[in-house]
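# Architecture at a glance
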Amino acid sequence: MVHRLPWRIVAALAMLSVGVLLLGACSSSAPQTTISDASVNNDRIWSVYTIIWIAAAVVFVAVEALLVYTIIKFRNKPRTAHGRPVPVHGNTKLEIVWTIIPAVVLVVIAIPTLQIIAELEKRPSEADNPLEISVIAHQFFFEFRYEDQGIRTTNELHIPVNRKVDLVMTSNDVIHSLWAPRLGGKVDSIPGRNNHMWLEAKETGEFDGQCAEFCGVGHANMRFKVIVHDEAGFMAWMDEELNPTPGGDAAAGEAFFLNGPCAGCHAIDGTTAAGTVGPNLTHFASLPQIAGVVPNDEQNLRAWLANPPAVKPGTGMPNLNLTPAQIDNLVAYLQSLK
Ligand code: CUA
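Attention in this report is confined to the structure presented alongside it.

Reading the values: rules and limits
Residues numbered from 1 in each chain as written. Predicted model: local features only at pLDDT ≥ 70, side-chain atom pairs only at ≥ 80, totals over all residues. Heavy atoms only, no water. Helix = DSSP H or I, 4+ residues; strand = E, 2+ residues; numbered from the N terminus. Buried < 20%, exposed > 50% of the residue type's maximum accessible area, 1.4 Å probe, protein only. Contact = heavy atoms within 4.5 Å. Phe/Tyr/Trp six-rings, centres within 6.5 Å; stacked < 30°, edge-to-face > 60°. Lys NZ or Arg CZ within 6 Å of the ring centre and 35° of its normal. Pairing = 2+ DSSP bridges. Axes fitted to C-alpha atoms, helices over the stretch in contact; angles between N-to-C directions. Arc of directions from axis to C-beta. Polar contact = N/O pair within 3.5 Å; in protein donor to acceptor, adjacent residues only side chain to side chain. Salt bridge = Lys/Arg side-chain N within 4 Å of Asp/Glu carboxyl O. Parallel < 35°, antiparallel > 145°, perpendicular 65-115°, else oblique. Nonpolar A, V, L, I, M, F, W, Y, C, P; charged D, E, K, R; others polar.

This part takes up the environment of T154. With respect to the helices, strands and loops of the structure, T154 is situated in strand β3 (residues 151-154). You can call T154 buried: its relative accessible area is 4%. Here T154 is in contact with F141, F142, F256, G260, P261, L320 and Q326, once residues within four sequence places are set aside.

With that out of the way, let us pick up the packing of aromatic side chains. The geometry of two aromatic rings is summed up by the distance between their centres and the angle between their planes. Under the definition given, this model contains seven aromatic pairs. Taken together, the ring pairs in this structure connect F142, F144 and F224 into an aromatic cluster. The lysine or arginine in question, K164, covers the ring of W198, its NZ or CZ lying 4.8 Å from the ring centre. Over the aromatic face of W179 sits the side chain of K186, whose NZ or CZ is 4.5 Å from the ring centroid.

With that settled, the discussion passes to the sheet that holds strand β5 (residues 165-171). If you trace the five strands from one edge of the open sheet to the other, you get β3-β2-β1-β5-β8, paired in mixed fashion. Lying at the two open borders of the sheet, with one neighbouring strand each, are β3 and β8 (195-199). Adjacent strand axes in the sheet meet at a mean angle of 25 degrees, parallel and antiparallel pairs treated alike. Looking at chain direction, strand β1 (residues 131-138) and β5 are connected through seven bridges and run parallel. By the bridge assignment, L131 is partnered in β5 with V165.

Before going further, it helps to spend a moment on helix α5 (residues 250-259). Residues of α5 that are buried include every one of G253, F256 and F257, and no others. Seen from one end, α5 has its buried residues packed into an arc of 100 degrees, which puts them on one side. Tucked inside the fold, the buried residues of α5 contact β3 and α8 (324-334). In this structure D249 caps α5, since a side-chain oxygen of it lies 3.0 Å from the backbone nitrogen of A251.

A few words on the pattern of salt bridges. Under the criterion given, the structure shown has 10 salt bridges. One salt bridge connects D43 with K202, and the closest N-O pair in it is separated by 2.8 Å. Here K202 lies in the loop between β8 and β9 (205-211) and D43 lies in helix α2 (residues 40-73), a separation of 159 residues in the sequence. Residue D43 is classed as partly exposed on the basis of its relative accessible area, which comes to 33%.

Right, let's talk about the packing of α5 against α8 for a bit. Axes are the key here: two packed helices are described by the angle between their axes and the distance separating the axes. Their axes nearest at 7 Å, the elements α5 and α8 cross at an angle of 100 degrees. On the basis of their axis angle, the class for α5 and α8 is roughly perpendicular. Contacts between α5 and α8 involve A250, A252, G253, E254, F256 and F257 on the former and, on the latter, Q326, N329, L330, A332, Y333 and L334. Here the residues of the contact of α5 with α8 are counted per class, giving eight nonpolar, three polar and one charged.

If you walk across this open sheet you meet the five strands as β4-β10-β9-β6-β7, and the pairing is mixed. Sheet topology places β4 (156-160) and β7 (186-189) at the edges, where each strand pairs with a single neighbour. On average, each strand axis in the sheet is tilted by 25 degrees relative to the strand beside it, whichever way the strands run. Here two bridges tie strand β6 (residues 176-179) to β9, and the two strands are oriented antiparallel to one another. From the neighbouring strand, W179 faces β9, where its bridge partner is Q210. Lying over the sheet, helix α4 (residues 231-242) contacts β4 and β10 (223-229), oriented at roughly 135 degrees with respect to β4.

Pasting the structure below:
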């Protein structure tokens, strides 16, 4: 018997250290933590976490107390002729109790969970003055369309603070999932279907998001940003989108490349772009040809960015529906990659 004791202590210590590690991983400053109160949605989700946490704590304490009680009370019982404890068979009362208690716990957790899922999927009413945005997921980027305003963006969801955003979500190819953890909510984008989700940010700033459904080789790089503006900043952003400053801006092109769809497939050494689906573009400006088919000059680069399959049928690079301003900025940036 004596040799078993150290193993129990080792197992207990191992479980304790795993628990401490898991707790350490929950830092509210992490860029993609769900423990955040940056949105109205997360407040609701947090209320379910709280219920689950309390239920789990009660269950834990009750089970551990019963365990300790049992260990002490039954530690030395009469044994059979072979030196084994006398087995116990069946206890209807006990079996009913341990079936009913977990069922009650599950119901207590399920009711608020289902309520909040339904609430987060319900479209905001007209009274909320929501901003409607269509989300079209592609391998491997998110397209955001502000249909009423005539604005289209890629991997950048610009929204105003303290206003409900009504997202109508679909996919162009396979199933993807839109998830900005600090703003709460996660809904799949499914081809041929419109799913709904709303967001209401409580603070301005930039929030990281990520495709949360495995969708192919570029899945890990299918990232996006939610940029929450104050009211005036949002108006200024819309104005710039509708009337862009003429001429390419290499810095804006770089930011678009790194945060936009390009980095999902291409790498540029020394930057965060690390996609492996398409060619490495570290020295793009020194390459003699674009995609190995046309001379690498500004006119061809513009035509290529505007519609790659038109330049090279069958190419893996899709038409990203880039706006003229995005093309200007990308040309300025790509031509600086000597
Ligand atoms: Cu799109 Cu994973």
